[in-house]
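So you can see what is in the structure, the chains are spelled out below.
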Amino acid sequence: MFDPYSPEFLEDPYPVYTRLRLESPVFHDPAWELTFFTRHADVSAILRDREHFGRDFRHRLDPAEVDEGLYRRIYPPQWPSWSRYIRESFIDLEPPRHTRLRRLVSQAFTRRSSEVFRPRLEKAADQILDRVLEEGKLEVIEDFATPIPVAMIAELMGIPSDDHAQLLRWSHAIVKVFDKNVTPVEGDAAEQATIDFVAYLKGVIDERRRRRGEDLISSMLEVEDRGDTLSDEEIVGTSILTLNAGHEATVHAIGNGLLALAGNRDQYQRLRGGEMRLQPAVDELLRFDSPLQMFERWVLADTELSGTRLEKGSKVGLLFGSANRDPDIFGPDAERLDLGRDPNPHVSFGAGLHYCVGAPLAMVELEAALGRFSARVADLEVRDVSGRIQSLVFRGLQHLEMEIAAA
Ligand code: HEM
């Protein structure tokens, strides 16, 4: 009944989510070894409940208390470098380790306001549009959705443009292991990508130590909180996390957003006509087809939620894509794209302790990309859509070709 790798589900999971919310809003899936939650109220409660749920269990439970099979799926021992860097990055930690790292890293993040990036990102979008508008067609994913976030992250990290393509290859390889259907070959490639990326970043850190720049790595070398600083290992872990978290989600947010606009051209015209503000429009596109669809939590203590018993040491899966379409929160038109939707309490950036630290940056990127696109493109039509990402975690396309008309 829940087959997230079936072509129909990958194409459009939302009818399945509607049915699940009605018929079995909480269900256990033996193949995933997860109890899935589909309703906004449950997803949002779990994200905020630190007593019973966590991205990590080590602060509360002994390894012997958690399901060993699950642990090996999440941190596969055959890919030790990958497992180590993912497990030690602060998205996979809980307080007090999370608090310490997030505080130090947030300091480095906020040294320069996200707004600093806006003019540069708009320029990058304009340069691409100058080129493609002459031809009247655009391959959205490779030519528009990918270069903007890459430029942004590389700039944030102070990495030379010659290395951008390499960063992208590492990032793509590393995130493959987040999905259950990862193959041994993909896992080996992720392990090698981690090893190479770590070596590369250690080189960048040595260089920045000699000559500081304006970038996040330089800031991470400098931040200090009551005598506490970040170690090189922590800087490497945070850099890998930033690249993966910051890059993949933004690419797919742009791709999914433009696909949704092409399917709702009346809404697109309202955005172009200035009837809609950019920020609520971006929030709505993130709600409507979130690039990140599923996150997991460990159960830290026996508990019960929505009539379902959850055992300590097991895991739950939170279906963000479903929570974002829940009519109990978004009303009877939850399935409709409404760029003016207000309020819009979507969970696409998460909630609670792990709420996306890059959300302000992501919003600037998306506003720059979609803002320049809608200013310059009078109309858009999909020519070809293919290559759905085979994942329950990431939702996106590999190929989206559009015909576009200059404004
Ligand atoms: C549209 C783009 C993005 C989306 C949809 C997104 C979504 C998310 C979500 C849902 C979480 C929480 C995961 C959980 O609760 O388990 C998260 C965490 C995080 N995100 Fe983002 N993100 C985006 C862009 C970015 C960017 C641009 C950066 C960095 C430059 C970034 C860095 C992070 C980090 C470091 C965390 C971990 C925070 C913590 O554990 O305290 N994200 N993101």
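Residues numbered from 1 in each chain as written. Predicted model: local features only at pLDDT ≥ 70, side-chain atom pairs only at ≥ 80, totals over all residues. Heavy atoms only, no water.

Concerning helix H18 (residues 359-376)
For step 1, the next point in the chain: The end-to-end C-alpha distance of H18, which contains 18 residues, comes to 25 Å, matching closely the 26 Å that a straight helix rising 1.5 Å per residue would cover.
For step 2, the next point in the chain: The buried fraction of H18 is high, at 14 of 18 residues. (Helix = DSSP H or I, 4+ residues; strand = E, 2+ residues; numbered from the N terminus. Expected span 1.5 Å × (residues − 1). Buried < 20%, exposed > 50% of the residue type's maximum accessible area, 1.4 Å probe, protein only.)

A closer look at the site of the ligand
For step 1, the next point in the chain: Around the ligand, a shell composed of 32 residues is seen, among which Arg55, His98, Arg297, His354 and Cys356 lie nearest.
For step 2, the next point in the chain: One of the side-chain N or O atoms of Arg102 is found 2.7 Å from an oxygen atom in the ligand.
For step 3, the next point in the chain: Take Arg297: an N or O atom from its side chain is 2.7 Å from an oxygen atom of the ligand.
For step 4, the next point in the chain: Breaking the shell around the ligand down by element, the ones donating at least two residues are helix H6 (97-110), helix H13 (232-262), strand S5 (294-299) and H18.
For step 5, the next point in the chain: With 7 residues, H13 is the single largest residue contributor to the shell around the ligand.
For step 6, the next point in the chain: Here the shell around the ligand is built from residues that sort into 20 nonpolar, 8 polar and 4 charged. (Near = heavy atom within 4 Å. Polar contact = N/O pair within 3.5 Å; in protein donor to acceptor, adjacent residues only side chain to side chain. Nonpolar A, V, L, I, M, F, W, Y, C, P; charged D, E, K, R; others polar.)

Focus: the coordination of the iron atom of the ligand
For step 1, the next point in the chain: Donor atoms from the protein around the iron atom of the ligand number only one, Cys356 (SG), found at 2.3 Å.
For step 2, the next point in the chain: Among the structural elements, Cys356 can be located in the loop between helix H17 (327-330) and H18. (Donors = N, O, S within 2.8 Å, 3.2 Å for Na, K, Ca; no water.)

Side note on empty space enclosed by the protein
Empty space among the atoms can be located by rolling a probe the size of a water molecule over them.
For step 1, the next point in the chain: Tallied over the full model, the rule gives 3 cavities of 30 Å³ or more.
For step 2, the next point in the chain: Taken as a whole, the largest cavity holds about 90 Å³ of empty space.
For step 3, the next point in the chain: In this structure, the largest cavity is lined by Phe9, Leu10, Pro13, Tyr17, Gln293, Arg388, Ile389, Ser391, Leu392, Phe394, Arg395 and Gly396.
For step 4, the next point in the chain: Taken as a whole, the second largest cavity holds about 60 Å³ of empty space.
For step 5, the next point in the chain: Lining the second largest cavity, in full, are Ile46, Leu47, Asp49, Arg50, Phe53, Gly54, Glu94, Arg297, Ala351, Leu353 and His354.
For step 6, the next point in the chain: Every element with two or more residues in the lining of the second largest cavity is listed here: helix H3 (40-48) and strand S3 (53-54).
For step 7, the next point in the chain: Looking at the lining of the second largest cavity residue by residue, the classes come out as 5 nonpolar, 2 polar and 4 charged. (1 Å grid on protein atoms, 1.4 Å probe; cavity = no way out; pocket = protein on both sides within 12 Å on 5 of 7 lines; lining within 4 Å. Points joined across faces, edges and corners; volume = space filled by probe spheres on them.)

With respect to the pairing of strand S10 (residues 397-406)
For step 1, the next point in the chain: Sheet analysis places strand S4 (residues 137-139) next to S10, joined by 3 bridges and oriented antiparallel. Note on S10: the bridge partner recorded for Glu139 is Glu401.
For step 2, the next point in the chain: As defined by bridge partners, strand S9 (residues 377-388) adjoins S10 across 9 bridges and the pair is classed as antiparallel. From the neighbouring strand, Leu380 faces S10, where its bridge partner is Ile404. (Pairing = 2+ DSSP bridges.)

Honestly, it's all geometry; don't read function into it.
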